[in-house]
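Report on the structure
Residue strings, one per chain:
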Amino acid sequence: MASVGDIAVSAGFNLLSAFVFLLAFALLRIQPFNDRVYFPKWYLKGLRNSPLQTGAFASKIVNLDFKSYLKFLNWMPDAIKMPESELIEHAGLDSAVYLRIYLVGLKIFVPVTVLSLLVLVPVNYTTDALSLTKATFSDMISFQFRTYGLNRQDFGLIL
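All values derive from a computational prediction rather than experimental measurement.

With respect to the packing of aromatic side chains
One pass over the structure, following the stated rule, counts two aromatic pairs. With a centroid separation of 5.7 Å and an interplanar angle of 65°, the aromatic rings of F25 and W75 are classed as edge-to-face. Of this pair, F25 sits in helix α1 (residues 4-29) while W75 sits in helix α6 (residues 75-81), and the two are 50 residues apart along the sequence. When its relative accessible area of 32% is taken as the criterion, F25 is described as partly exposed. With 6.5 Å between their ring centres and 20° between their planes, Y98 and Y102 make a pair best called stacked. With Y98 and Y102 both in helix α8 (residues 93-126) and four residues apart, the pair spans about one turn of that helix.

In structure tokens form, the structure reads like this:
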């Protein structure tokens with residue numbers, strides 16, 4: 001059975017991974033080399049020119065404006081507050097649908113998480129139900145094999 005430390009390590013790893021992916025997305029987004037990937041509609045409308053055609057070699061690949069690195073996440077609040085029709089015109093239908101799914105997920109899972117924590121944490125803290133079972137991982141595996149009418153030796157045949 002997982003201990004509180006195991007769960008904390010798993011949660012920390014997942015939060016760190018999410019932060020690293022967000023940071024990678026945000027930093028790759030401001031690089032001139034990736035302009036066509038992140039702003040294709042602007043190129044089609046002629047609002048943006050390719051940075052690979054003008055400027056010094058280093059500025060074609062890496063963004064040398066260090067002020068933009070300090071403000072690289074400023075687009076997020078603007079995107080969430082933007083009306084849907086403007087978002088579709090600016091970033092495309094796929095971005096609007098993704099943002100809608102994301103916001104619906106937040107509206108559903110944040111209250112459910114808060115409610116679950118308000119109920120489950122006090123119940124698990126006041127009762128010793130989990131520690132009384134003394135179930136181990138091998139007991140759970142044996143239970144699964146018995147459910148399907150298999151022995152542990154049959155496990156190699158399944159793989």
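That covers the picture; the talk isn't over yet.
Things to note about the pattern of salt bridges
A side chain with one charge can pair with a side chain of the opposite charge if their charged atoms come near. For the structure on display, the rule yields one salt bridge. Of the charged contacts in the structure, one is a salt bridge between R100 and E84, with a shortest N-O distance of 2.7 Å. Note that R100 is positioned in helix α8 and E84 in helix α7 (residues 84-91), a separation of 16 residues in sequence. Relative accessible area serves as the criterion here: at 38%, E84 is assigned to the partly exposed category.

Overview of the confidence of the model for the protein
The predicted model of the protein averages 78 in pLDDT, with 72% of residues at 70 or higher. Per-element averaging of pLDDT across the protein places helix α11 (residues 155-158) at the bottom with 52 and α1 at the top with 90.

What to know about the side chain of N34
Of note, N34 is situated in the loop between α1 and α2 (35-38). Using a relative accessible area of 17% as the deciding quantity, one classes N34 as buried.

As for the packing of α7 against α8
At a minimum axis separation of 7 Å, α7 and α8 run at an interaxial angle of 135°. With respect to α8, the element α7 is oriented oblique. From α7, E84, L87, I88 and A91 reach across to α8, where they touch L93, D94, S95, A96, L99 and R100. Partitioning the contact of α7 with α8 into residue classes produces six nonpolar, one polar and three charged.

Observations concerning the side chain of S68
Assignment of secondary structure puts S68 in helix α5 (residues 66-70). Leave out the neighbours within four places in its chain, and S68 touches I30 and N63.

Topic: α8
Taking 1.5 Å per residue, 34 residues should reach 50 Å; α8 reaches 49 Å between its end C-alpha atoms and fits that length. Along its length, α8 reaches its greatest deviation from straightness, about 25°, at L117. When α8 is considered as a whole, its buried residues turn out to be A96, L99 and G105. Contact partners of the buried residues in α8: α6 and α7.

Basis of the calculations
- Going along each chain's sequence as written, the residues are numbered from 1 onward.
- Under the rules for a predicted model, residues below a pLDDT of 70 receive no local features and side-chain atom pairs below 80 are neither given nor counted, while totals for whole chains, interfaces and linings still include all residues.
- Computation of side-chain values: all heavy atoms of the structure, hydrogens and water removed.
- Pairing of aromatic rings covers Phe, Tyr and the six-membered ring of Trp, with a centre-to-centre limit of 6.5 Å; geometry is then stacked below 30 degrees between planes, edge-to-face above 60, and tilted otherwise.
- What counts as a helix is a DSSP run of H or I of at least four residues, what counts as a strand is a run of E of at least two, and both are numbered from the N terminus.
- The buried label goes to any residue with under 20% of its type's maximum accessible area, the exposed label to any with over 50%, and the partly exposed label to all in between, with areas taken from a 1.4 Å probe on protein chains only.
- In what follows, salt bridge is the name for a side-chain nitrogen of Lys or Arg lying within 4 Å of a carboxyl oxygen of Asp or Glu.
- As a per-residue quantity, pLDDT reports the predictor's confidence and falls between 0 and 100.
- Each axis is a line fitted through C-alpha atoms, and for a helix only the stretch in contact is used; angles between axes span 0 to 180 degrees, taken between their N-to-C directions.
- Angles below 35 degrees are treated as roughly parallel, those above 145 as roughly antiparallel, those between 65 and 115 as roughly perpendicular, and all remaining angles as oblique.
- Should any heavy atoms of two residues lie within 4.5 Å, those residues are counted as being in contact.
- Gly falls in the polar group here, along with every residue not listed as nonpolar (Ala, Val, Leu, Ile, Met, Phe, Trp, Tyr, Cys, Pro) or charged (Asp, Glu, Lys, Arg).
- Take the number of residues in a helix, subtract one, and multiply by 1.5 Å to get its expected span.
- The seven residues ending at a residue and the seven starting there each receive a fitted axis; the angle between those axes is the bend at that residue.

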